[in-house]
Amino acid sequence: MATKTVTDTEILNKIGNTPLVKLNSLSDSKKTYHAKLEGHNPFGSVKDRAAYWMIKDGEERGVLKRGETIIIEPTSGNTGIALTGIAQMLGYKVEIVIPEKASDETKKIIESLGAKLYQTSDDLCPKVGAGTDQSIALATSIASSRPDKYFSPNQYANEANYLGHYKGTGPEIWKQTDGKITHFFTGVGTGGTITGVSAFLKEKNPNVKIIAVQPQQNHLIQGLRNFEESAKPDLFLKREYVVDDWITINNEKAFSAVKEVFAKEKMLVSPSSGAVYASMKEYKINSGNIVGIFADDGRKFKSLYAQQKVFTESEFDAALKKAEHMSQIVYM
Ligand SMILES: Cc1ncc(COP(=O)(O)O)c(C=O)c1O
């Protein structure tokens, strides 16, 4: 059994309790908008929560044995970073199956944290159900060929992914808004965030309105899923009833929001956070207390932003120096 150092334990204890910051550019006398900055998790995204809860659950059920089990998972990025970072600290080897379209920075981070990387020619977000889902198929076939050695948390159906948000993110948001939240916006990958947070909030106040943000088909928004081109994951389907409304944001709107958030809020955000900001701006609300999930920050997207003409490389470097609310990330 690998020995946990104090430092590792301290890092793992820092998962969750992320800041909620006011978005002055959207707020007025009747509406207050906030972003929940999940980039402040130690490995830089909302996925630290799911990864940690799924590993702990696997240990409690006895399917994970430190120093023996290899964790394998298909992911479009953040889960790979989170699982690799957390699992290594706890004494597991990790193998990640990722679509080659994920950003180069993401792939480099996963490798530098010590995972073996398999790349597939899937679309950006591995599709569940019918259609191309090579990442999921490859991870499943490796895991099932050696069940004694491999364990795949399967974030798309794992209840611990939901529970991390039901017991963590949801109560945090309730407390941070003094129970005054009226609207909640988030993108959907596996559905863990939206179902967990929303189930908790609606138990507290059934009138809280839940708005799911989806990218266009064939999108460039790492971490999110469009449900016209991809089947809904089991985890999401189980509690899909929490969603009151949907809004679709195209690539262009998401990327121009990334620029706008930097100009107006001095925050360097990720494409999916741009999509959430754009949806909060576009969705008509007369009054209320609104929270959106900013699932990670913009650090991993220098090459994508240059390619999409959001920021040139030198503009990106300058923005990174000026950006506020950036966190300390373990792999940096
Ligand atoms: C980058 C990113 N990852 C993950 C998620 C949420 O994922 P999940 O539905 O798997 O909890 C989001 C949601 O906004 C996201 O933007």
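The residue numbering used here restarts from 1 in each chain and proceeds along that chain's sequence as written. The predicted nature of this model means local features are confined to residues of pLDDT at least 70 and side-chain atom pairs, given and counted, to a pLDDT of 80 or more, with totals for whole chains, interfaces and linings taken over all residues.

Novice: I keep staring at the pairing of strand β8 (residues 209–215) and nothing clicks. Help me out?
Specialist: Along a regular strand, successive side chains alternate from one face of the sheet to the other. A large share of β8 lies buried, amounting to 6 of its 7 residues. For a crossover, the right-handed case is the one in which the path from the first strand over the helix to the second runs clockwise, viewed with the strands pointing away from the viewer. Each helix is a run of H or I in the DSSP string that is no shorter than four residues. Each strand is a run of E no shorter than two, and both are numbered from the N terminus. With respect to chirality, the unit in which strand β7 (residues 183–187) leads through helix α7 (residues 192–204) into the neighbouring parallel β8 is right-handed. Here exposure depends only on C-beta density: within 10 Å of a residue's C-beta, 20 or more other C-beta atoms make it buried, 12 or fewer make it exposed, and intermediate numbers make it partly exposed, the C-beta atoms being placed from the backbone.

Novice: What am I meant to see in the site of the ligand here?
Specialist: Near the ligand you find 20 residues, and of these Gly-187, Gly-189, Gly-223, Ser-272 and Ala-295 are the closest. At the level of elements, β7 and α7 are the ones that each hand at least two residues to the shell around the ligand. The element that contributes the greatest number of residues to the shell around the ligand is α7, accounting for 3 residues. Class assignment of the residues belonging to the shell around the ligand gives a composition of 6 nonpolar, 12 polar and 2 charged. Here is the check we use: build the C-beta atom from the backbone, and if it is within 6 Å of the molecule or strand, call the residue near. Amino acids are sorted into nonpolar (Ala, Val, Leu, Ile, Met, Phe, Trp, Tyr, Cys and Pro), charged (Asp, Glu, Lys and Arg) and polar (every other residue, Gly among them).

Novice: For this particular structure, what's the right way to read the domain arrangement of the protein?
Specialist: The figure often quoted for interface size is the accessible area lost as the parts come together. For the protein, the domain assignment lists domain 1 (6–40 + 168–322) and domain 2 (48–151). As used throughout, domain bounds are those supplied by an automatic or database domain assignment. Taking only C-alpha atoms, the centre of domain 1 and the centre of domain 2 are 23 Å apart. By the convention adopted here, residues make contact when the C-beta atoms placed from their backbones lie within 7 Å. The interface is formed by 24 residues belonging to domain 1 together with 21 residues belonging to domain 2. A breakdown of the residues in the side of domain 1 that touches domain 2 according to their chemical character gives 9 nonpolar, 10 polar and 5 charged.

Novice: Any chance you could explain the sheet that holds strand β1 (residues 20–22) here in plain terms?
Specialist: Note: strands within a sheet are paired through backbone hydrogen bonds, in either parallel or antiparallel orientation. Strands qualify as paired when DSSP identifies two bridges or more between them. As summarised here, the arrangement of the 6 strands in space is β1-β2-β10-β7-β8-β9, forming an open sheet in which the pairing is mixed. At either margin of the open sheet sits one strand with a lone partner, and together these are β1 and β9 (245–249). Strand after strand, the sheet turns through a mean of 25° between neighbouring axes, direction not considered. Across 3 bridges, the pairing between β1 and strand β2 (residues 31–37) is antiparallel. What sits directly across from Lys-22, in β2, is His-34. All axes are obtained by fitting lines to C-alpha atoms, using only the stretch in contact for helices, and the reported angles, taken between N-to-C directions, cover 0 to 180 degrees.

Novice: I'm lost on the sheet that holds strand β5 (residues 116–120) in this one. Help?
Specialist: Spatially, the 4 strands line up as an open sheet ordered β5-β4-β3-β6, and their pairing is parallel. If you trace the sheet from one side to the other, it starts and ends with β5 and β6 (150–151), each paired once. Across 5 bridges, strand β4 (residues 93–99) lies against β5 in parallel orientation. Considered in β5, the bridge of Pro-99 is made with Thr-120. Across the sheet, helix α5 (residues 134–145) lies against β3 (70–74), β4, β5 and β6, angled at about 160° from β3, the strand it touches most.

Novice: What's the story with the pairing of β3 in this structure? I'm lost.
Specialist: With 4 of its 5 residues buried, β3 lies for the most part within the structure. Here β3 pairs with β4 via 5 bridges, running parallel. The residue bridging Pro-74 from the neighbouring strand is Val-97, located in β4. Of the crossover connections in this fold, the one passing from β3 over helix α3 (residues 78–90) to the parallel β4 is right-handed. Where β3 lies against β6, 2 bridges are found, and the strand directions are parallel. What sits directly across from Ile-71, in β6, is Phe-151.

Novice: What is the right way to read the packing of helix α6 (residues 159–176) against α7 from this model?
Specialist: Relative orientation and spacing of two packed helices are given, respectively, by the angle between their axes and the distance between those axes. Contact geometry of α6 with α7 gives a least axis separation of 7 Å together with a crossing angle of 50°. Taken as axis vectors, α6 and α7 run oblique relative to one another. Of the two possible hands of crossing, α6 and α7 adopt the one that is right-handed. From α6, Asn-161, Tyr-162, Leu-163, Gly-164, His-165, Tyr-166, Thr-169, Gly-170, Pro-171, Ile-173 and Trp-174 reach across to α7, where they touch Gly-192, Thr-193, Thr-195, Gly-196, Val-197, Ala-199, Phe-200, Leu-201 and Lys-204. Taken together, the residues that form the contact of α6 with α7 break down as 10 nonpolar, 9 polar and 1 charged. Orientation categories follow fixed angle ranges, with anything under 35 degrees roughly parallel, anything over 145 roughly antiparallel, 65 to 115 roughly perpendicular, and all other angles oblique. The hand of a helix crossing depends on one turn: near helix anticlockwise from the far one by less than a right angle means left-handed, and clockwise means right-handed.

Novice: How should the packing of α3 against helix α4 (residues 104–112) be read in this particular structure?
Specialist: With their axes 9 Å apart at the nearest point, α3 and α4 run at an angle of 15° to one another. Taken as axis vectors, α3 and α4 run roughly parallel relative to one another. The element α3 and its partner α4 pack so that their crossing is left-handed. Contacts from Gly-80, Ile-81 and Thr-84 in α3 reach Thr-106, Ile-109 and Ile-110 in α4. Class assignment of the residues belonging to the contact of α3 with α4 gives a composition of 3 nonpolar, 3 polar and no charged.

Novice: Would you take a moment to explain unusual backbone geometry for this structure?
Specialist: Of note in this structure, Asn-154 is not a glycine but carries a positive phi near 50°. Here Asn-154 is to be found in the loop between β6 and α6. For Asp-178, which is not a glycine, the phi torsion comes out positive at approximately 50°. Tracing the backbone shows Asp-178 in the loop between α6 and β7. Judged by the 8 C-beta atoms lying within 10 Å of it, Asp-178 falls in the exposed class.

Novice: Honestly, the environment of Gln-307 in this entry has me stumped. Any pointers?
Specialist: Following the sequence through the fold, Gln-307 ends up in helix α11 (residues 302–307). Separated by 200 residues in the primary sequence, Gln-307 and Lys-107 have C-alpha atoms spaced 17 Å apart.

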